[in-house]
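Here's the letter readout for the chains.
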Amino acid sequence: NGSREALFAFAQAVVDPAGAPRVVCPNPFYQIYEGAALLAGAEPFYVPSLPERNFALDWDGVPESVWQRTQVLFVCSPGNPTGAVMPLDEWARLFELSDRHGFVIASDECYSEIYFRDEAPLGGLEAAKRLGRTDFRNLLSFTSLSKRSNVPGLRSGFVAGDAALIKAFALYRTYHGSAMSPVVQAASIAAWGD
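Throughout this document, residue positions are counted from 1 along each chain, in the order its sequence is written. Totals for whole chains, interfaces and linings use all residues, but because this is a predicted model, local features are given only for residues with pLDDT of at least 70 and pairs of side-chain atoms are given and counted only at 80 or more. Computation of side-chain values covers all heavy atoms of the structure but excludes hydrogens and water.

Novice: Can you help me understand the overall build of the protein in this one?
Specialist: Secondary structure elements are defined from DSSP: runs of H or I of at least 4 residues count as helices, runs of E of at least 2 residues count as strands, and each element is numbered from the N terminus. When helices and strands are counted, the protein shows eight helices and seven strands. The 194 residues of the protein split such that 44% are buried. Total accessible area on the protein is roughly 9,600 Å²; 56% of this is exposed by carbon and sulfur atoms. For the exposure calls, accessible area comes from a 1.4 Å probe over protein chains only, and a residue counts as buried if that area is under 20% of its type's maximum, exposed if over 50%, partly exposed in between. Per-residue and other accessible areas follow the Shrake-Rupley method at a 1.4 Å probe size, with only the shown protein chains counted as cover for residues.

Novice: Just to check I follow, could you spell out helix H2 (residues 31-40) for this structure?
Specialist: Count 3.6 residues to each turn of an α-helix, and residues three or four apart come out pointing the same way. Looking at H2, one finds that the buried residues are Ile 32, Tyr 33, Ala 36, Ala 37 and Ala 40. The buried residues of H2 occupy an angular sector of 135° when the element is viewed end-on, so they sit on one face. Residues of H2 that are exposed and point more than 90 degrees away from the buried face comprise Leu 38 and Leu 39. At the exit of H2 stands Gly 41, carrying a positive phi of roughly 90°. Here, the arc refers to the directions that run from the helix axis to the C-beta atoms.

Novice: Please explain unusual backbone geometry as it appears in this structure.
Specialist: Peptide bonds are, in most cases, trans, and in most cases residues other than glycine have a negative phi. A cis geometry characterises the amide bond from Asn 27 onward to Pro 28, with omega recorded as 10°. With respect to the helices and strands, Pro 28 occurs in the loop between strand S1 (22-27) and H2. The peptide bond linking Ser 77 to Pro 78 adopts the cis configuration, its omega dihedral lying at -5°. Take Pro 78: it is sitting in the loop between strand S4 (70-76) and helix H4 (88-101). At Ala 20, a residue that is not glycine, the phi angle is positive and equals roughly 55°.

Novice: Would you take a moment to explain the packing of aromatic side chains for this structure?
Specialist: Any aromatic ring pair is given by two values, namely how distant the centres are and how the planes are angled relative to each other. Between 30 and 60 degrees the pair is tilted, below 30 it is stacked and above 60 it is edge-to-face, where a pair is any two Phe, Tyr or Trp rings, Trp via its six-membered ring, whose centres lie within 6.5 Å. Counted by the stated rule, this structure contains six aromatic pairs. Pairing Tyr 33 with Phe 74 gives two aromatic rings, centres 4.6 Å apart and planes at 10°, and the pair type is stacked. Highlighted residues: Tyr 33 in helix H2 and Phe 74 in strand S4, separated in sequence by 41 residues. Side by side, Tyr 33 and Phe 74 carry an identical accessibility label, which is buried. Measuring from centroid to centroid gives 6.2 Å for Trp 59 and Trp 67, while their planes differ by 35°, and the two rings are tilted. Residue Trp 59 shares its accessibility class with Trp 67, and that shared class is buried.

Novice: Could you clarify how one ought to interpret the pairing of S4 in this entry?
Specialist: Sheet faces and side chains relate simply in a regular strand, where the side chains alternate between the two faces. Counted residue by residue, S4 has seven buried out of seven residues, so it is predominantly covered. Sheet analysis places S1 next to S4, joined by three bridges and oriented parallel. Its bridge partner being in S4, Val 24 is matched across the sheet by Leu 73. By this definition, two strands are paired if DSSP reports at least two bridges between them. As defined by bridge partners, S4 adjoins strand S5 (residues 104-108) across five bridges and the pair is classed as parallel.

Novice: Please explain empty space enclosed by the protein as it appears in this structure.
Specialist: Gaps left between atoms show up when a probe the size of a water molecule is rolled over them. A 1.4 Å probe that fits into a set of points on a 1 Å grid over the protein atoms alone but cannot get out defines a cavity; an open set with protein on both sides within 12 Å along at least five of seven lines defines a pocket, and lining residues are those with an atom within 4 Å of a point. Grid points are joined across faces, edges and corners, and a volume is the space filled by probe spheres set on the points. All told, the structure shown has one cavity of 30 Å³ or more when counted by the stated rule. In this structure, the largest cavity spans a volume of roughly 140 Å³. Lining of the largest cavity is provided by 15 residues; of these, Phe 55, Leu 57, Cys 76, Gly 79 and Thr 82 occupy positions nearest its centre. At the level of secondary structure, the elements contributing two or more residues to the lining of the largest cavity comprise S1 and strand S3 (56-57). Among the residues making up the lining of the largest cavity, the classes are represented as nine nonpolar, five polar and one charged. Throughout, the ten residues Ala, Val, Leu, Ile, Met, Phe, Trp, Tyr, Cys and Pro are labelled nonpolar, Asp, Glu, Lys and Arg are labelled charged, and all others, Gly among them, are labelled polar.

Novice: Would you mind going over the nonpolar core with me for this structure?
Specialist: When a protein is soluble and globular, its nonpolar side chains tend to lie buried together. By nonpolar core is meant a set of buried Ala, Val, Leu, Ile, Met, Phe, Trp, Tyr and Cys residues that side-chain atoms within 4.5 Å join together. In terms of nonpolar packing, the biggest core is built from 23 residues, with Phe 10, Val 23, Tyr 33, Phe 74 and Phe 142 touching the most fellow members. Counting only elements with at least two residues in this core, the list comes to helix H1 (3-14), S1, H2, S4, S5, strand S6 (139-144) and helix H7 (163-175). If near-sequence neighbours (up to four positions away) are discounted, Phe 74 is found in contact with Leu 7, Ala 11, Val 23, Val 24, Cys 25, Pro 26, Tyr 33, Ala 36 and Ala 106. In terms of nonpolar packing, the next biggest core, distinct from the first, is built from 21 residues, Leu 57, Trp 91, Leu 94 and Phe 103 among them. For this analysis, residues touch if any pair of their heavy atoms sits within 4.5 Å.

Geometry only, nothing functional implied.
Next comes the structure, spelled out in structure tokens:
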């Protein structure tokens, strides 16, 4: 339904608990990242945001041994609660790490339409497209009406990205989760179209 449920369910669908997997997430973080990691059988690794870098995340501080065991990387841009936005070079670095280590980037973009600069933040799919990654390999973007339309109780969101990951996620969702009522579907259609 909303991005919270999707972020949680996605981790359950893709994390293989064999081999002591890691799920990397920003710190401070949305609590669902930690809960999703733990309940999927992974150990969270928290990447601190650095005040001296305008709260950008310290990717250099992640040990190679953690990247080698990472199965999911949660990112949030603009970050919650910092508002830090990931530029294209940061996306490129994360894509390179994903290619090298095989982890999935789960881009939480529920704040993508809340910003105070002239230019909208760069989301994962747009960054991938600019970098020629039109297959969106190992990338899913999650968004929600909760923030953009001020309807947190509506529980309406969507997931887009790597078709193979969407297929695995949709299979998992067949057995877990709930369908939207017709009223919520109609309200969602109206809100997404505004």
